[in-house]
Amino acid sequence: MNAAKPNPARKRGVKPPKAKPVKQQGQPRRRTAIITGITGQDGSYLAELLLDKGYEVVGVVRRTSHDSYERIGHLLDRVHIVPADLLDQHSLTSVVRDAKPDEVYNLAAQSFVPTSWSQPVLTGEFTALGVTRLLEAVRLAHPEARFYQASSSEMFGNAQETPQRETTPFYPRSPYGVAKVYGHWITVNYRESYGLFAVSGILFNHESPRRGLEFVTRKVTHGVARIVRGKDRELLLGNLDARRDWGFAGDYVEAMWRMLQRPTPADYVIGTGEMHTVRELCEVAFSHARLDWRTYVKVDPRFVRPADVERLQADASKARLELEWAPRVTFVDLVRMMVDVPGRAAGRRQRRPLRRRAGGGALGLARAHRPGVGACLRGRPLRRHRASGRPIVGVGRHAGPGVRMGGECRGDGAHRARARGSEADRGR
């Protein structure tokens, strides 16, 4: 009797990648969904929702020298991560052909409005033409899939009416808004030209503790936490009179899913219908910490947009009627939630408390383990790669021998090229 061959991954102490479940005869087929931008705020909440509904989730990520999985670290053993790029037609077509999804959610984009002014061409490539590439991949490889495009309230820009609804004319005021308008209309065009089930969700501002620090809601709430801890003495902001319709991202991904369950495709505006100024945002956030916002908030002209959007307010009556959707988290509860939750990603593993050596003395805070960054826990021995003797970093199929850079252990991964310190890598 032949002995079973040893698993080299298990020999190194590395968890092998998750295999797809074997379908038994008579077993109902699980629905499959592709999510681009799964590592972002919306992608992480949507992945949680679909997994709870029994979906098989395929997350599309760009292949980079460093993986940013902090928002979905708690989901990595339940989702399939595949590399593809909105700039590369072939990679998108291959993913759609292999996965044969029931639903495709395009959430990936260059989504920070101020950056679109300094990188307008790149914003157009990702946020506009990237939509066309993904639609073309669906059309060529699996036209039966239902397609969701993440449109934005920034498309309304200098709105011609308030509140804004599905029939309100677009008047974008930033390269990001212009790119989103293109993505919206190319989705409509593919729906009408090729008969695809393709819809756009025109989502107004939606926030959460997983929001990036560059966005004003997270900048304010994170700034309050730093001021309370004595790490900052002031918070610099731009236009305090800008009005937005802010909601909770966890509520909005439910609307995305509901759009693809309808018998016929249609576009929907999603929002709370309430406007609040940045000044109100500051008042709620600072008062939750028992501070007077006027003492700490300063207006800095550097953060004023070249062409700002003054008033954005959603009329989501169509979504309430046809999707039976309504937001659950109020503006005040949302802001307080974001002040209370430390760290940018609520879903990632929390830092460990201070540990003490037997002889006394603190070991220091242990770093949260996340893919692409080694288990560089101060005062703890690192796992070593048997062949190279270098520390093992990453998790699952992303694990591999790492190199020490700037006090951290960064992995080049078994599936990546060896770290060569090239100019391209250093420039990222």
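In this text the structure is predicted, and so the values were computed from the model without any measurement.

**Q** Account for the pairing of strand 5 (residues 146–152), naming residues and giving values.
**A** The element strand 5 is extensively covered by neighbouring structure, given that 6 of its 7 residues are classed as buried. The pairing of strand 4 (residues 103–106) with strand 5 spans 4 bridges and is classified as parallel. By the bridge assignment, Glu103 is partnered in strand 5 with Arg146. Taken together, the 7 bridges between strand 5 and strand 6 (residues 197–203) define a ladder with parallel strand orientation. When the bridges of strand 6 are listed, Arg146 appears paired with Phe197.

**Q** Which residues make up the environment of Val335, and what are the values?
**A** For Val335, the location among the structural elements is in helix 12 (residues 331–340). Here Val335 falls in the buried class, since its relative accessible area comes to 2%. Sequence separation between Val335 and Phe248 is 87 residues, and the spatial gap between their C-alpha atoms is 9.5 Å. Excluding residues that lie within four positions of it along the chain, Val335 makes contacts with Thr221, Leu281, Val284 and Ala285.

**Q** Mind laying out the side chain of Asp42, listing which residues take part and the relevant values?
**A** Looking at the element boundaries, Asp42 is found in helix 2 (residues 41–52). Here His206 takes part through its side chain, which lies 2.6 Å from a polar atom of the side chain of Asp42. Setting aside residues no more than four positions away along its own chain, Asp42 makes contact with Leu107, His206, Ala249, Val253 and Met256.

**Q** Tell me about the sheet that holds strand 6, and please be specific about residues and values.
**A** Reading across from one edge, 3-2-1-4-5-6-11 is the order of the 7 strands in this open sheet, with parallel pairing throughout. Lying at the two open borders of the sheet, with one neighbouring strand each, are strand 3 (80–83) and strand 11 (268–270). Taken over all neighbouring pairs, the strand axes of this sheet differ in orientation by 25° on average, direction set aside. Bridge count between strand 1 (residues 32–36) and strand 2 (residues 56–61): 5 bridges; the pairing is parallel. Pairing of Ile35 across the sheet is with Gly59, part of strand 2.

**Q** Can you tell me about unusual backbone geometry, naming the residues and giving the values?
**A** Following Thr162, the chain continues to Pro163 via a peptide bond in cis, the omega torsion being 0°. Tracing the backbone shows Pro163 in the loop between strand 5 and helix 6 (175–194). Of note in this structure, Lys100 is not a glycine but carries a positive phi near 45°. By the secondary structure assignment, Lys100 is in the loop between helix 3 (89–99) and strand 4. Phi angles above zero are rare outside glycine, and Glu324 is one such case at about 55°. Structurally, Glu324 is set in the loop between helix 11 (317–322) and helix 12.

**Q** Go over the pattern of salt bridges with me, naming the residues and quoting the values.
**A** For the structure on display, the rule yields 16 salt bridges. Here Arg262 and Glu322 are joined by a salt bridge, their closest N and O atoms 4.0 Å apart. Of this pair, Arg262 sits in the loop between helix 8 (249–259) and strand 11 while Glu322 is found in helix 11, placing the two residues 60 residues apart along the sequence. We classify Arg262 as partly exposed; its relative accessible area is 24%.

**Q** Go over the packing of aromatic side chains with me, naming the residues and quoting the values.
**A** Evaluation of the coordinates by the stated rule reveals 9 aromatic pairs. Ring centres of Tyr45 and Phe248 lie 5.5 Å apart, and the angle between their planes is 75°; this geometry places the pair in the edge-to-face category. With a gap of 203 residues between them, Tyr45 in helix 2 and Phe248 in strand 10 (residues 247–248) connect regions that are remote in the sequence. A single burial state applies to Tyr45 and to Phe248, both of which are buried. Sitting over the face of the ring of Trp257, Lys53 holds its NZ or CZ atom 4.0 Å from the ring centroid. In this structure, Lys318 packs its charged tip against the face of Tyr268, placed 4.8 Å from the ring centre.

**Q** I'd like a rundown of the packing of helix 9 (residues 278–288) against helix 12, residues and numbers included.
**A** Relative orientation of the contacting elements helix 9 and helix 12 amounts to 50°, with a least axis distance of 9 Å. The angle between the axes of helix 9 and helix 12 places the two elements in the oblique class. Here helix 9 runs over helix 12; the crossing is right-handed. Residues Leu281, Val284, Ala285 and His288 of helix 9 touch helix 12, and the partners they reach there are Phe331, Val332, Val335, Arg336, Val339 and Asp340. Of the residues in the contact of helix 9 with helix 12, the class split is 7 nonpolar, 1 polar and 2 charged.

**Q** Describe the confidence of the model for the protein, and please don't skip the residues or the numbers.
**A** On average, the protein scores 79 in pLDDT, and the residues at 70 or more come to 70%. When the criterion is pLDDT under 50, residues 8–17 qualifies, and its contacts beyond four places in sequence or with other chains add up to 17 contacts. In this model residues 390–428 is a low-confidence stretch, pLDDT under 50, and it forms 95 contacts with partners more than four residues away in sequence or in other chains.

Scoring rules and cut-offs
Residues numbered from 1 in each chain as written. Predicted model: local features only at pLDDT ≥ 70, side-chain atom pairs only at ≥ 80, totals over all residues. Heavy atoms only, no water. Buried < 20%, exposed > 50% of the residue type's maximum accessible area, 1.4 Å probe, protein only. Helix = DSSP H or I, 4+ residues; strand = E, 2+ residues; numbered from the N terminus. Pairing = 2+ DSSP bridges. Contact = heavy atoms within 4.5 Å. Polar contact = N/O pair within 3.5 Å; in protein donor to acceptor, adjacent residues only side chain to side chain. Axes fitted to C-alpha atoms, helices over the stretch in contact; angles between N-to-C directions. Salt bridge = Lys/Arg side-chain N within 4 Å of Asp/Glu carboxyl O. Phe/Tyr/Trp six-rings, centres within 6.5 Å; stacked < 30°, edge-to-face > 60°. Lys NZ or Arg CZ within 6 Å of the ring centre and 35° of its normal. Parallel < 35°, antiparallel > 145°, perpendicular 65-115°, else oblique. Left-handed = near helix turned anticlockwise from the far one by under 90°. Nonpolar A, V, L, I, M, F, W, Y, C, P; charged D, E, K, R; others polar. pLDDT = per-residue confidence, 0-100.

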